[in-house]
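Summary of the model geometry
In case you want the letters, here they are:
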Amino acid sequence: MAKYYDNYYSSRTVEMTVLSGEDLRLARKSVKKNTFVVVRSDGSNFRTTEMDGGESGSRPNWNEKLVLDLPAHAQAVTLEVHCKTAFGDKIVGTVSVPVADFSGGYLSESGYLHFLSYRLRDSRGEKNGIINVSVRMEVPIPEYTCSASVLAPEQMTVGVPVGKSNFGGVVTGVPVLCAYNNRNF
Amino acid sequence: MGNCCSDDAGGRMAVGGTAASHANPNAATSNDAVENFLRSHGYPFSQIELSLSASGLRDRDVFSKSDPMVVIYTKERDGTLVELGRTEVVLNSINPTWITKQTIAFHFEVVQTLVFRVYDVDTQFHNVDVKMLKLDEQQFLGEGTCTLSEIMIRQDRSLTIDLLHREESNRGNHSRNCGKITVHAEESASSKTTIEMILSCSDLEYKDLFSRSDPFLVISKIVEGGAVIPVCKTEVIKNELKPKWNPIFLSIQQVGSKDQGLIIECFNFNSNGKHDLIGKVEKSLADLEKLHRSKQGENLFIPSSVGHGHPLETKVLKSRLFVDKFTESVQHTFLDYLAGGFELNFMVAIDFTASNGNPRLPDSLHYIDPSGRPNAYQRAISEVGEVLKFYDTDKRFPAWGFGARPIDGPVSHCFYLNGSSHYYEVEGIHGIMMAYMSALRNVSLAGPTLFGPVISYAASIASQSLANGGRKYFVLLIITDGVVTDLQETKDAIVKASDLPLSILIVGVGGADFKEMEILDADKGGRLESSTGRVASRDIVQFVPLRDVHGGQVSVVQALLAELPTQFLTYMRTRDIKPNV
């Protein structure tokens, strides 16, 4: 089912909330403040969190939601933890988050809020802490809806096909997914 | 702090006040005094108040209606009844509503059977305190039984049960229906109010020779009689004299009340378990709230005895404790989610590897004793299943076997226990037992022991249910006799499942050395890492070896189950999922 939708997208939007980091070290010393995270989906698509000044305890807490475009060809989203030191901007650790970890599978179109954690590695490839994030894929908006809402013309529209293959025909499916709200749990 | 060696990783973790959890009891192997104490006393439970009313009671008196009273009992595992309390006597009514409420603690991990016996109190005793009444001098009107969980899963928290009266007469024993009793349960408010605090210290003293102290806090409460009971402890911060710990979450009920005296001690962590006291303060939660508002610090003090014969003096230190955050909120409890329609779905996977031994021989772990004595597998299924079945509305449980060769096939690491090829559920705990026994006759034990396939299957069921908008939380019980062969594949499956509404209970049976399996339990081994660099976002695995338990009230399996409400709540709270739509 997911493959069917891929043909319709040139890009999707992903909401990634960068939560916190644990056990980060620079030159063997624990890093707790003046850190920020760069989230990158490809060369030109990236967002940065604010700098964490270290007021919130023993580990960096960014708790910042970043929204960025995920191009259709992107296989992974890169997270880079930076630290502003006296010697300049240093990269503490990076990780490549596969798009498959938060998209595809049963939950792909449901707007599910994924809570994910990853091992960070420094520039030499050594383990350097853990980063915690939550991710939600934007739910695609179908063209025909039951409710009378106005859609901006440039928005992506997807119809939910009902019945046999209907390529080239008008899609008149019931978009169960547009009404799906993860608060229904 | 005790002269025991605590395992380093376990000893450094926060216990008792961790985020969205009100108790996180530590490993059975850890000897640290605080951990042991919390394990035996710290499980959070909700206080429930039961209100009773009845209808259709029999008239015993000729000229007037009955004067009924209820005696409430709990039924122990061996069938004995223990009296909990009595209501007052309502005069002249066959449809009474009693005012006296019975308080009982809700323990998720055991089946709490309640027995209600209604008596008609004779007129001559009407001015006597109910506690003094001799029941054999009263008229027995009828008895009703139910479990506490049956009441708690109902949306209106009310359950009406028939009152029965076994009568012996010449015509033989039979039960007569003597009316109905309605039990209504309410969770007490103190269970729900949670305080979130961020504590920090300044100017702590150097306790280690060559480095700064590694401080952590222990919060204890002073109860009547002077005993000091630990409530929670923070994580250990290494090498820091100005520590600021992660937020602590405490329910008012854990502490007693907001005015309950608390002792907050700051220790320096030592790997050998002998932690040095850096200093302490004595404050109640209400005092801490005032401290937060005033933005002042409170100086720590340390008791010091000065020589022989001098009374214990206290030395006030330069170090200070600050309350950087103090918020009070009403948190939804596990019972709130049950009332809101959430359910727990029980799933079971059984190890059919050859190491169990030939099932036909009495020394096999899979031997079915003709006398009916359950083997280790049957005991584990029944101990966990009998508690969890109440929380599963359709009572249909997915059941799998792994590590065996079904009749004419290759070794399967995830086959349906009922022998079907397209339908993996069985009906009731009885259905699991039947399918298990029939599978023993129809498969050849093989190997190796792999958990990956059953965990992945359970995860896909959870994931599908979520996608369909279900309000279900899944509990997978894996019963195994041996150490898992491909540890990494199992870790990968667990890491992927940590983002789903799923908890995994692993029970080890037989005499194998399960040390390696403890790695899967984050309480003992730290966060699990997959082969692709992904880390488990929450702890979903609990492991316990089922040794033969001789006596003792709390079995090890119950200790396993006691953590489930916490895991459930952590999942719901981090995703901000509320009980009601």
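Every value quoted in this text rests on a predicted model; they were computed, and no experiment measured them. (Residues numbered from 1 in each chain as written. Chains lettered and ligands numbered in written order. Predicted model: local features only at pLDDT ≥ 70, side-chain atom pairs only at ≥ 80, totals over all residues. Heavy atoms only, no water.)

**Description of the overall build of chain A**
Selection criterion: A run of DSSP states H or I qualifies as a helix once it reaches four residues; a run of E qualifies as a strand once it reaches two. Both are numbered from the N-terminal end. Between buried and exposed lies partly exposed: a residue is buried under 20% and exposed over 50% of the maximum accessible area for its type, with that area taken using a 1.4 Å probe on protein chains only. The Shrake-Rupley method, run with a 1.4 Å probe, gives the accessible areas here. Residue values count only the displayed protein chains as cover.
Within chain A, the secondary structure is distributed over one helix and ten strands. Scanning chain A from its N terminus toward the C terminus, one meets helices and strands in the order α-β-β-β-β-β-β-β-β-β-β. Taken over 185 residues, chain A has a buried fraction of 43%. When the accessible area of chain A is evaluated, it comes to approximately 10200 Å², of which 52% is carbon and sulfur surface.

**Describing the nonpolar core**
Residues and elements named next belong to chain B. We apply this condition: Residues enter a nonpolar core if they are buried and are Ala, Val, Leu, Ile, Met, Phe, Trp, Tyr or Cys, with the set joined through side-chain atoms within 4.5 Å. Residue contacts are defined here by distance: any two heavy atoms, one from each residue, within 4.5 Å place the two residues in contact.
One finds Phe 116, Phe 352, Leu 476, Ile 478 and Ile 504 to be the most contacted residues of the largest nonpolar core, which totals 114 residues. Setting aside anything within four residues of it in sequence, one finds Ile 478 in contact with Ala 349, Phe 402, Phe 451, Val 454, Ile 455, Ile 504, Leu 505, Ile 506 and Val 507. Counting 35 residues, the second largest nonpolar core, distinct from the first, contains Val 236, Val 255, Leu 262 and Phe 326.

**What to know about the pattern of salt bridges**
Residues and elements named next belong to chain A. The condition is simple: In the sections that follow, a salt bridge refers to a side-chain nitrogen of Lys or Arg positioned within 4 Å of a carboxyl oxygen of Asp or Glu.
Per the stated rule, a full pass over the model turns up 24 salt bridges over all chains. The residue Lys 65 makes a salt bridge to Glu 15 at a minimum N-O spacing of 3.7 Å. Within this pair, whereas Lys 65 is found in strand β6 (residues 61-71), its partner Glu 15 is found in strand β1 (residues 11-22), the two being separated by 50 residues in sequence. Glu 15 sits in the partly exposed class, given a relative accessible area of 27%. The salt bridge partner of Arg 40 is Glu 80, with a shortest N-O separation of 3.5 Å. Placement of the pair is Arg 40 in strand β4 (residues 35-42) and Glu 80 in strand β7 (residues 76-85), with a sequence separation of 40 residues. Take Glu 80: its relative accessible area is 12%, and that puts it in the buried class.

**Quick notes on the packing of aromatic side chains**
Residues and elements named next belong to chain B. The following threshold applies: When the centres of two rings from Phe, Tyr and Trp lie within 6.5 Å, Trp using its six-membered ring, the rings pair. Their planes under 30 degrees apart give stacked, over 60 give edge-to-face, and anything left gives tilted.
This model, assessed by the stated rule, comprises 23 aromatic pairs over all chains. Judged by centre distance (5.1 Å) and plane angle (35°), the ring pair of Phe 108 and Tyr 391 falls under tilted. Of this pair, Phe 108 sits in the loop between β4 (102-106) and β5 (113-120) while Tyr 391 sits in the loop between α7 (376-388) and β18 (396-402), and the two are 283 residues apart along the sequence. The exposure class of Phe 108 is buried, given its relative accessible area of 3%.

**Considerations on the pairing of strand β26 (residues 541-545) of chain B**
Residues and elements named next belong to chain B. How we decide: Here the rule is simple: two strands pair whenever DSSP picks up at least two bridges between them.
Of all five residues in β26, four are buried; the element is thus mostly enclosed. Bridge analysis of strand β24 (residues 502-508) against β26 gives five bridges, and the strand direction is parallel. Within the sheet, the bridge partner assigned to Ile 506 lies in β26 and is Phe 543.

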